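The residues making up each chain are set out below.
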Amino acid sequence: MDEMSCGGGGGGARWKRARVAGMGEGKAGGGGGAAFLGLERVGMVVRMLPVPEKVSARARVVRGSLVAHFRGWRVVRETWWWVLLLWILAGSLGSFYLFLFMNAQSLDKRRDSLASMCDERARMLQDQFNVSMNHLQALAILVSTFHHSKTPSAIDQMTFARYAERTAFERPLTSGVAYAVRVTHGEREQFERQQGWAIKKMYSSSNKKQSSPGPGPGDAAVAEIREPAEEYAPVIFAQDAYKHVISFDMLSGNEDRDNILRARKSGKGVLTAPFKLLNNRLGVILTYTVYKYELPAYARPHERIQAAIGYLGGIFDIQALVEKLLKQLASQESIMVNVYDTTNESPISMYGDDTGSGMCHVSVLNFGDPSRKHEMHCRFEKKPPWPWLAITSSFGTLVIALLTGHIFQATVHRIAKVEDDFHKMSELKKRAEDADVAKSQFLATVSHEIRTPMNGVLGMLQMLMDTDLDTTQQDYVRTAQASGKALVSLINEVLDQAKIESGKLELETVPFDLRTVCDDILSLFCGKAQEKGLELAVYVSDQVPQILIGDPGRIRQIITNLVGNSIKFTERGHIYLTVHVVEEVMSCLEVETGIQNTNTLSGYPVANRRCSWESIRLFNRELHSSEKSFAPIASDSISLVISVEDTGVGIPFEAQSRVFTPFMQVGPSIARIHGGTGIGLSISKCLVGLMKGEIGFASKPHVGSTFTFTAVLMRAHCKGNDIKSSEFKGINALVVDHRPVRAKVTKYHLQRLGVKTELTAELNQFISKLNSGSLTAKLVLIDKETWLKESHCTPLLVNKLRNNDKPDSPKLFLLGSSASSPKGGSDTSREHNLNVIMKPLRASMLQVSLRRALGGVDKVHCRNGVVGNSTLGSLLHKKQIIVVDDNIVNLKVAAGALKKYGAEVTCADSGKKAITLLKPPHNFDACFMDIQMPEMDGFEATRRIRVMERDLNERIERGEAPPECASIQRWRTPILAMTADVIQATHEECLKSEMDGYVSKPFEGEQLYSEVARFFQNHDQVE
Amino acid sequence: MVKLSTVAVVAWVLASAALWAGLHWRFRRPALHKAEEALVCICEERARMLQDQFAVSVNHVHALAILVVTFHYDKHPPALDQDTFAVYVARTSFERPLLSGVAYAQRVVHADRESFERQQGWIIKTMKHEPSPAQDEYAPVIYSQPPRRPSPTSRKRRGES
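On a predicted model such as this, the values are computed, not experimentally measured, just so you know.

K.L.:
With reference to specific residues and values, describe the overall build of chain B.
P.N.:
Looking only at helices and strands, chain B has 4 helices and 4 strands in total. When the 161 residues of chain B are sorted by exposure, 24% land in the buried category. Considering only residue pairs separated by 6 or more positions, chain B has 63% of its internal contacts joining residues 24 or more positions apart.

K.L.:
Requested: an account of the interface of chain B and chain A, with residues and values cited.
P.N.:
Between chain B and chain A, the residue contacts involve 25 residues of the former and 27 residues of the latter. A combined buried area of about 2500 Å² lies between chain B and chain A, and 60% of that area is made up of carbon and sulfur atoms. The interface formed by chain B and chain A includes 0 salt bridges. Viewed at the interface, chain A and chain B are joined by 0 residue pairs in polar contact (both at pLDDT 80 or more). If you list the elements that add at least two residues to the side of chain B that touches chain A, you get α1 (2–73) and α2 (82–91) of chain B.

K.L.:
Lay out helix α5 (residues 188–195) of chain A in plain terms, naming residues and giving numbers.
P.N.:
Residues and elements named next belong to chain A. Among the residues making up α5, those that are buried are R188, F191 and E192. Around the axis of α5, the buried residues are gathered within 95 degrees of arc, so they sit on the same side. For α5, exposure combined with an orientation more than 90 degrees from the buried face picks out E189, Q190, R193 and Q194. Buried-residue contacts for α5 involve β1 (174–181), β2 (183–184), β3 (231–232) and β4 (235–238). Positive backbone phi, at 90 degrees, marks G196, one or two positions downstream of α5.

K.L.:
An account of the pattern of salt bridges is needed here, citing residue identities and associated values.
P.N.:
If charged atoms from side chains of opposite charge come close, those side chains can pair. Residues and elements named next belong to chain B. Scanning the model with the defined rule gives 9 salt bridges over all chains in all. Put simply, E117 and R113 hold a salt bridge, and the shortest N to O gap is 2.8 Å. Taken together, the residues span about one helical turn, with E117 and R113 both in helix α3 (residues 113–120) at a distance of 4 residues. E117 sits in the buried class, given a relative accessible area of 18%. Looking at R113, the relative accessible area reads 10%, which means it is buried.

K.L.:
Lay out a nonpolar patch on the surface in plain terms, naming residues and giving numbers.
P.N.:
All names here are of chain A. Where nonpolar side chains cluster on the molecular surface, the patch consists of L86, L89, L93, F96, Y97 and L100 and spans about 610 Å² of accessible area. For Y97, the position within the fold is in helix α3 (residues 51–148). Look at Y97 and you get exposed, because its relative accessible area is 53%.

K.L.:
Describe the side chain of S132 of chain B, with residues and values.
P.N.:
All names here are of chain B. By the secondary structure assignment, S132 is in the loop between α3 and β3 (137–138). Assessed through its relative accessible area of 9%, S132 is described here as buried. If we ignore the near neighbours within four places in the chain, the residues touching S132 are R113, I124, K125, T126 and Y138.

K.L.:
Report on the packing of helix α13 (residues 552–569) of chain A against helix α19 (residues 680–690) of chain A, specifying residues and quantitative values.
P.N.:
All names here are of chain A. Packing of α13 against α19 brings their axes to within 10 Å, and their N-to-C directions diverge by 145 degrees. The way α13 lies across α19 gives a crossing that is left-handed. Along its contact with α13, which presents R554, Q557, I558, N561, L562 and N565, the element α19 presents G680, L681, I683, S684, L687 and V688. Among the residues making up the contact of α13 with α19, the classes are represented as 6 nonpolar, 5 polar and 1 charged.

K.L.:
Can you break down the packing of helix α4 (residues 157–166) of chain A against α1 of chain B residue by residue, with the values?
P.N.:
Any two packed helices are characterised by how steeply their axes cross, that is the angle between the axes, and by the distance between the axes. Their axes nearest at 10 Å, the elements α4 of chain A and α1 of chain B cross at an angle of 155 degrees. As far as their axial angle goes, α1 of chain B and α4 of chain A are roughly antiparallel. Helix-helix and strand crossings are classified by hand; for α4 of chain A and α1 of chain B the assignment is right-handed. Here α4 of chain A contributes T159, Y163 and R166 of chain A to the contact with α1 of chain B, which in turn contributes A63, I66, L67, V69, T70 and F71 of chain B. When grouped by side-chain class, the residues that make up the contact of α4 of chain A with α1 of chain B number 6 nonpolar, 2 polar and 1 charged.

K.L.:
Tell me what's going on with the environment of V322 of chain A, and back it up with residues and numbers.
P.N.:
Residue and element names in this part refer to chain A. As for its position among the elements, V322 is in helix α9 (residues 318–328). Looking at V322, the relative accessible area reads 0%, which means it is buried. Look past the residues within four positions of V322 in its chain and what remains in contact with it is L125, V339 and Y351.

K.L.:
An account of the pairing of strand β7 (residues 282–291) of chain A is requested, with residue identities and associated values reported.
P.N.:
Residues and elements named next belong to chain A. Extensive coverage of β7 is indicated by the burial of 10 of its 10 residues. A two-sided burial pattern is seen for β7, the buried positions comprising L282, V284, L286, Y288 and V290 on one face and G283, I285, T287, T289 and Y291 on the other. Note that strand β5 (residues 270–271) and β7 share 2 bridges and pair antiparallel. Residue V270 lies in a different strand from β7, and its bridge partner there is T287. Here strand β6 (residues 275–276) pairs with β7 via 2 bridges, running antiparallel. Residue K276 lies in a different strand from β7, and its bridge partner there is L282. With 9 bridges connecting them, β7 and strand β8 (residues 308–317) associate as antiparallel partners. Across the sheet, residue V284 finds its bridge partner in β8, namely F316.

K.L.:
Outline the confidence of the model for chain B, listing residues and values.
P.N.:
All names here are of chain B. Averaged over every residue, the pLDDT of chain B is 79; residues scoring 70 or more account for 89%. Mean pLDDT values for the elements of chain B range from 36 in helix α4 (residues 152–160) up to 88 in strand β1 (residues 103–105). Confidence over residues 148–161 falls short of pLDDT 50; this stretch has 6 contacts with residues more than four positions distant or in other chains.

K.L.:
A description of the side chain of S95 of chain A should follow, citing residues and the corresponding values.
P.N.:
Residue and element names in this part refer to chain A. Here S95 is to be found in helix α3. Among the polar contacts made by the side chain of S95, one reaches the main-chain carbonyl oxygen of S92 at a distance of 2.7 Å. Other than its neighbours up to four places away in sequence, S95 contacts S394, T397 and L398.

K.L.:
Describe in detail the sheet that holds strand β11 (residues 361–365) of chain A, supporting the description with residues and values.
P.N.:
Residues and elements named next belong to chain A. Strands sit in the order β10-β9-β12-β11 across an open sheet of 4 strands; the sheet is antiparallel. Lying at the two open borders of the sheet, with one neighbouring strand each, are β10 (348–351) and β11. Taken over all neighbouring pairs, the strand axes of this sheet differ in orientation by 30 degrees on average, direction set aside. Pairing analysis gives 5 bridges linking β11 to strand β12 (residues 374–380), with the strands arranged antiparallel. Following the sheet pairing, V364 is matched in β12 by E375.

K.L.:
Can you break down the packing of aromatic side chains residue by residue, with the values?
P.N.:
Across all of its chains, the model carries 11 aromatic pairs over all chains by this definition. For the pair F116 of chain B and W122 of chain B, a centre-to-centre distance of 5.6 Å together with 85 degrees between the ring planes defines the contact as edge-to-face. What makes W122 of chain B buried here is its relative accessible area of 14%. Among the aromatic residues, those joined into a cluster by ring pairs are F146 and Y163 of chain A together with F71 and Y88 of chain B. Over the ring of F380 of chain A we find R110 of chain A, and its NZ or CZ is 3.9 Å from the ring centre.

K.L.:
Tell me about the nonpolar core, and name the residues and values.
P.N.:
By size, the foremost hydrophobic cluster in this structure holds 92 residues, and its most contacted members are L125, F146, Y179, V339 and M376 of chain A together with F71 of chain B. Ranked by residues supplied to this core, first place goes to α3 of chain A with 15 residues. Not counting residues up to four positions away in its chain, the partners in contact with M376 of chain A are C118, R121, A122, L125, V337, N338, V339, H361, V362, S363 and L365 of chain A. Among the nonpolar cores identified, the runner-up in size contains 51 residues, and L522, F525, F660 and I695 of chain A belong to it.

K.L.:
Any details on helix α29 (residues 938–958) of chain A? Residues and values, ideally.
P.N.:
Residue and element names in this part refer to chain A. Between its first and last C-alpha atoms α29 spans 31 Å; for 21 residues at 1.5 Å apiece the expected length is 30 Å, and the two agree. Regarding α29, the residues found buried are G938, F939, A941, T942, I945, R946, M948, E949, L952, N953 and I956. Note on α29: the residue one or two positions beyond its end, G959, has a positive phi of about 85 degrees.

K.L.:
Please set out the environment of P840 of chain A residue by residue, giving values where relevant.
P.N.:
Residue and element names in this part refer to chain A. Among the structural elements, P840 can be located in the loop between β24 (835–838) and α25 (843–855). Here P840 falls in the buried class, since its relative accessible area comes to 4%. When the C-alpha atoms of P840 and A537 are compared, they prove to be 5.9 Å apart, with 303 residues separating the residues in sequence. Leaving out residues up to four positions away in the same chain, P840 has contacts with L522, C526, Q530, L536 and M845.

K.L.:
Would you mind going over the pairing of strand β15 (residues 547–550) of chain A in detail, with residue names and values included?
P.N.:
The side chains of a regular strand alternate, residue by residue, between the two faces of the sheet. All names here are of chain A. Summarising the sheet, strand β13 (residues 510–513) and β15 pair through 4 bridges and their orientation is antiparallel. The residue of β15 that forms the bridge with F512 is L548. Note that β15 and strand β19 (residues 704–715) share 2 bridges and pair antiparallel. Bridge assignment links L548 to a residue of β19, and that residue is R715.

Scoring rules and cut-offs
- Each chain carries its own residue numbering, running from 1 in the direction its sequence is written.
- Written order determines the labels here, with chains lettered from A and ligands numbered from 1.
- Under the rules for a predicted model, residues below a pLDDT of 70 receive no local features and side-chain atom pairs below 80 are neither given nor counted, while totals for whole chains, interfaces and linings still include all residues.
- Hydrogens and waters are ignored; side-chain quantities use all the structure's heavy atoms.
- Numbering of helices and strands runs from the N terminus, with a helix taken as a DSSP run of H or I at least four residues long and a strand as a DSSP run of E at least two residues long.
- Accessible area is worked out with a 1.4 Å probe on protein chains only. A residue is then buried under 20% of its type maximum, exposed over 50%, and partly exposed in between.
- Residues count as neighbours in contact if any of their non-hydrogen atoms are within 4.5 Å of one another.
- Accessible-area loss on putting two parts together, using a 1.4 Å probe and summing over both, is the definition of buried area adopted here.
- Salt bridge, as applied in this entry: a Lys or Arg side-chain nitrogen positioned within 4 Å of an Asp or Glu carboxyl oxygen.
- Any N or O atom pair separated by 3.5 Å or less is treated as a polar contact, with the protein-specific requirement of one donor-capable and one acceptor-capable atom, and with residues adjacent in sequence counted only for side-chain atom pairs.
- Working note: the arc is built from the helix axis to C-beta atom directions.
- Like charges within 9 Å and nonpolar side chains (Val, Leu, Ile, Met, Phe, Trp, Tyr) within 5 Å are joined into patches, using only residues over 30% in relative accessible area that form no salt bridge.
- The accessible surface values rely on the Shrake-Rupley method and a 1.4 Å probe; as for residues, cover is taken only from the protein chains in view.
- Every axis in this analysis is a line fitted to C-alpha atoms, fitted for helices over the stretch in contact. Angles between the N-to-C directions lie between 0 and 180 degrees.
- Throughout, a crossing is termed right-handed when the near helix is turned clockwise from the far one, and left-handed when it is turned anticlockwise from it by less than a right angle.
- Residue polarity follows a fixed list, in which Ala, Val, Leu, Ile, Met, Phe, Trp, Tyr, Cys and Pro are nonpolar, Asp, Glu, Lys and Arg are charged, and the others, Gly among them, are polar.
- Under this scheme an angle from 65 to 115 degrees is roughly perpendicular, one under 35 degrees roughly parallel, and one over 145 degrees roughly antiparallel; angles in between are oblique.
- The rule for pairing is simple: two strands pair if DSSP sees at least two bridges between them.
- pLDDT is a residue-level measure of predictor confidence that goes from 0 to 100.
- Any two rings among Phe, Tyr and Trp, with Trp reduced to its six-membered ring, count as a pair given centres within 6.5 Å; such a pair is stacked if its planes are under 30 degrees apart, edge-to-face if over 60, and tilted if neither.
- Whether a charge sits over a ring comes down to the Lys NZ or Arg CZ being within 6 Å of the ring centre and within 35 degrees of the ring normal.
- By nonpolar core is meant a set of buried Ala, Val, Leu, Ile, Met, Phe, Trp, Tyr and Cys residues that side-chain atoms within 4.5 Å join together.
- Under the convention used throughout, the expected extent of a helix is 1.5 Å for every residue step, that is, one less than its residue count.

Set out below in C-alpha cells:
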C-alpha cells in the first residue's frame, strides 16, 4: 500500500508535503514575528517601570507647590475680613469728614455773606450820617458868615427860623437846630439888656432825667435864673419847633456842657448819648462850634477855645436813618439789624430790638466822633437751610465705599471658591494621574503576564503541528495558532496605544542595521505572502548607511504594520518595500513621473508612488531648508523615505481622510473578511511623529495603495558587524530576469554579500554568452518566471551545462516563489536537479544557499523543498545541547524545537543548575540560556561559566589539566541567549557577558540556523 | 447669555445717562432763574442809590437858592454881596464834592435895565463879552463862586464884575 501510493501519486504526495512544510514555515515565521513584537514589549515594560517614580516625584513637587500656595492664600483669607472692616470704617469716616468739610464750607460761606452784607449796611449808614453832619456844619458856617461877620448882623431869630424851615428838606433826619452864643460873665448885663430877657438855668440840678431840653426845661415861666458863672451859652436862635429853648444856658446841663466843651476843643462835630425824643424815638444831639474867624487845620486846642464864639446843635433821629437805609437794601436777603452805642460798658440800643440767637456778625460804626463807639449787629432772619450738597456728597461717597467693599467681598469670596475648586481639581487631577499610571502599569503587567503563557501556547501549537495529525486536526491546530497570534498582536497594539496616549512612549537610540531589520520583516511575512501567492520584496538604496542610530524596534513596528496591512488587503500581485534617502527621492521625483505604472515588481499596476511622496513634499522642503540653516549640526542626521507599495484593493475615496483614526475600518465587509484592530495606522502615525517624520499615502480603489513615511535618524561613526564575508569576494554573478524592478532587488541582495552582479533581461543573451565563452560569472540566478516563459530554450541550456565538465562551469540557481506554479516548480527541480532558492530573498538565507552550492556538489540536491530545515537538521544532528530556562513551558518548547532537528537536549531550570552541569569537563556542544531568570539571570550565569573555563584553560596551559581534558586544547562552549527582548541594548548586554549570540523565543528556523551555523561548522572544520 | 448681559449693561448706562440729564435739567432752571433775579435786584439797587445820590446834589443847589432868597431879597438893604457869597460858598464846598461851580443870575426886564446897570455900575454883556443888545429880559450874573486857584482871567473877571 505505501509503495503503491508513493509510486502512483508520487508528485501529489511531494506537493502535499511541500505545501504543508511551507505553510508550517510561514506559521513559524509569523509566530516569530509576533514573538518579536510580543517580546519587544517586555523590554518596554521593564524600561517603563521607572516612569511611575518620575510621575510620583512630579506629583510630589506639584503637591508641595500647592500646599505652599494654599497656605499663603489661607493667610489672605483669614485677614480679608479685617481689611473689609477697615475699608468700611475708612469709608464711613471719609464720608463723615466730607460732610463736615462741606458743611463747614457752607457755614463759612454763609458767615461771609452775612459779614459782607452787614459791613455794607454799616458803610452806608456811616455815609448817610456823615452827609447829615455836613449839612449841620454848613449851617454853622452860615451863622458865622451872616451873623458874626456882618455888622449889623444879617440874622435874627425870624430870619434864622425861616431859613431853617425852608431848607429842612435837606436834613430829613435832623428834627431841630439851635444856636447858642458864647457870653462871658463880664458881658452878661449888656447881653441881657440887649436881648431883653435873662439867661436861664436848665432843669438838671434837681432832676437828672430832665437834663435834656424836653418840655420840662422848655417852660421859661417856671425856669430859674442862671446863677452867676464864669461863662454862659444862651440860645439866641432856634427853629420854630424848638423856640422854647431860647434863653436857656446850654452850659448849665451836664451832657450839653460836656458836648460844648469837647466840640470847641476839637473843632469837630460831637455826639451825645442816645435819648428819647418827643415822638418816643431815640436820637442824639450833634454839636458844632462857630469860630470868629477861619482857623487852619493844625490849630491848637487853646487857640480853638479862644476863637470860639458860639455853638450850633441839632437833634439827630437815628432810627429814621437806619430805616431809610434798610429800605434801600430791601431787595437783598433779609437780615435783622441792631445798632448799639457801646461807649460805656452796657450798650445802649439805638435801633432794633432783636434778641434772637444764631450766627451774628458785628460791624464797627464810625460817626466821626472819636470819643464815642457804635456797633451794628446783624443776623439772618431765617434759619439756615439744610446743607443738601454736603449731605448728598457724603452719602454718595459712603455708597461708593460700601459698593467697593461689596465688590471686594464678592471678589474674595469668588477667589476663595475658585481656590477651593482648584485645590479639589488638583486632588482629582493627582488621582486621575495616579489612576492613569496605575492603568499603564496594569496594562503593562497584564500584557506581560498574558504574553508569557501565550508564547507557551503558540509554541505548543507549533510543536503539535509537527506531529502526525489528520487533516481535521491540523486545521484546528492552525486555527488555534492563528487566533493566538492575533491575540498577542492585539495585546501589543493596545499596550502601544496606551503608552502613546499617556505620552510615556520613548524612542531608543542605539546603532542598528536597517537592512537586517528589513530582512527580519520579510521573514515575518514570507509565510503569509506564500499562502496568498504574493511577490514580497525589499530594496534599500546604496546611499543609506549600513549602521544608523535610532530605535530599530519602532521602525520595525511601523514597517511591520504597513506590510501587514498590505498583505491583509492584497489578493494578487506584489508588496514592495523600499528605503531611500530624502535627497535621493527629491532628485528622482521628476524621473519617477515618467515611469509607467506597469513597470512594477509583479507586472500589476500600482498607485503612483509620486503621489504618495507629494503629500509630504512640503516637509521635505522644510527639512531641506532646515538642513541648510543647521548644516554643521545636521550633517550627522539623515532622513529616510520608506515606502510600502501594494497591489491590493485600495482605500475608498470617502474613507481616505479617516485612515489614521484609531479603530477605523474601511467598511464592515472588509472588517469581517480581514479582521484587525484598526489602531495600527494610528500608532504608526504617532511613532513617525516621534521620529520627526511624516506619513502619507496614495491609494486607488482596485489598483493598490502606497504608504510612505519619513524618519530622521543619525549616522553612526563606528563600523558595525560586516556580514560580507571574504568567501564571496571576487565572485561574479549574472541575474536573468525580464522584470527590471525584480532584477534590481536580486542584485541588491547579491551585492550585500560582496558579489559583483550583472543584469540581463533575456535567457538567449545568457546562452549566447555561454556559447561564445565570454561569460565570466560563476553564479547564474534565473527567475523561475523567466525560465518558464522561455521554456523552449531550457533543455538546450541544461544539456550544454551537463556536457561541459569544465571545472569553471557556472552554477545555476532558480529563484522560485509560491507565486509560480507548484507543479511546474516541482517538475523543473526534479527534472533537471537544479538548485532552487525560494523568495523572498534575504541576505542570510541567500548566503547559506550560495555557500552550500559552492561548498560541494554532493549537497546540491535538496530534499522536501525546505532548504533551511534540511541544513539545520544536518547541523544539529546528534549534538548535545543544554537548555536553561526557569519556565517549564519554555523549556519544553525549546527542547521540542531542538529535538525536532535531531539534537539531544538536556534541561536545566535555573542558572545555578546550569553552572553545575556546564562545569568542565562536560559533553555539551552548545547551551541555550534564558536571560530573565530569578535569583541569577542568564548574564551572571554566563559570566561564571566563562570564569571556570578560563581557569581550566590556564591549568591546561600549565600542564595541570585532568586526564579527561587532555584531548581538548581550549574549552569554549557556545552559549546563545534565549530572550523575548530583541532590542539592541539586550544584544549588547549579551556580548558584554561573553555570550556568543542570541535567538528569539519561540524559535524560528532561519534565525536558529544562522546563529548555530557559525559555531558548529567551525567546530566541524576544527575536528 | 453674553447678549443678555450686554443688553443689560447698555440699558443701565442709558438709564444712568438719562437720570443725569434729568437731574441736570431739574437743577439748572432754578439756578438760572435765581441768577436772573439776582441780576435784576442788583441793577435796581444801584439805580436807586445813584438816584438818591443825585437827589442829594440837587438838594444842595436848592438850599443855595433859598440862601439867596433869604439874605438878598428878604433883607433891605440886602445882606448878601459878592464877597459874602464867595466866602460862604467856598467854606461850604465840602458839602458839594460833585459840583464844580455855582453862580446866581438876577432876572432883569428891559424897562429896569438902565436903573439896574446904574445901580450895579457895569453894563450887561453877552457871553462873548459884548454889550448885550436890547431884549425883553436879561439874566446877568451878580453872584458867582470864585475859581479855586487864582489866575489872571479870574482876576480880570472879578474886576469886570
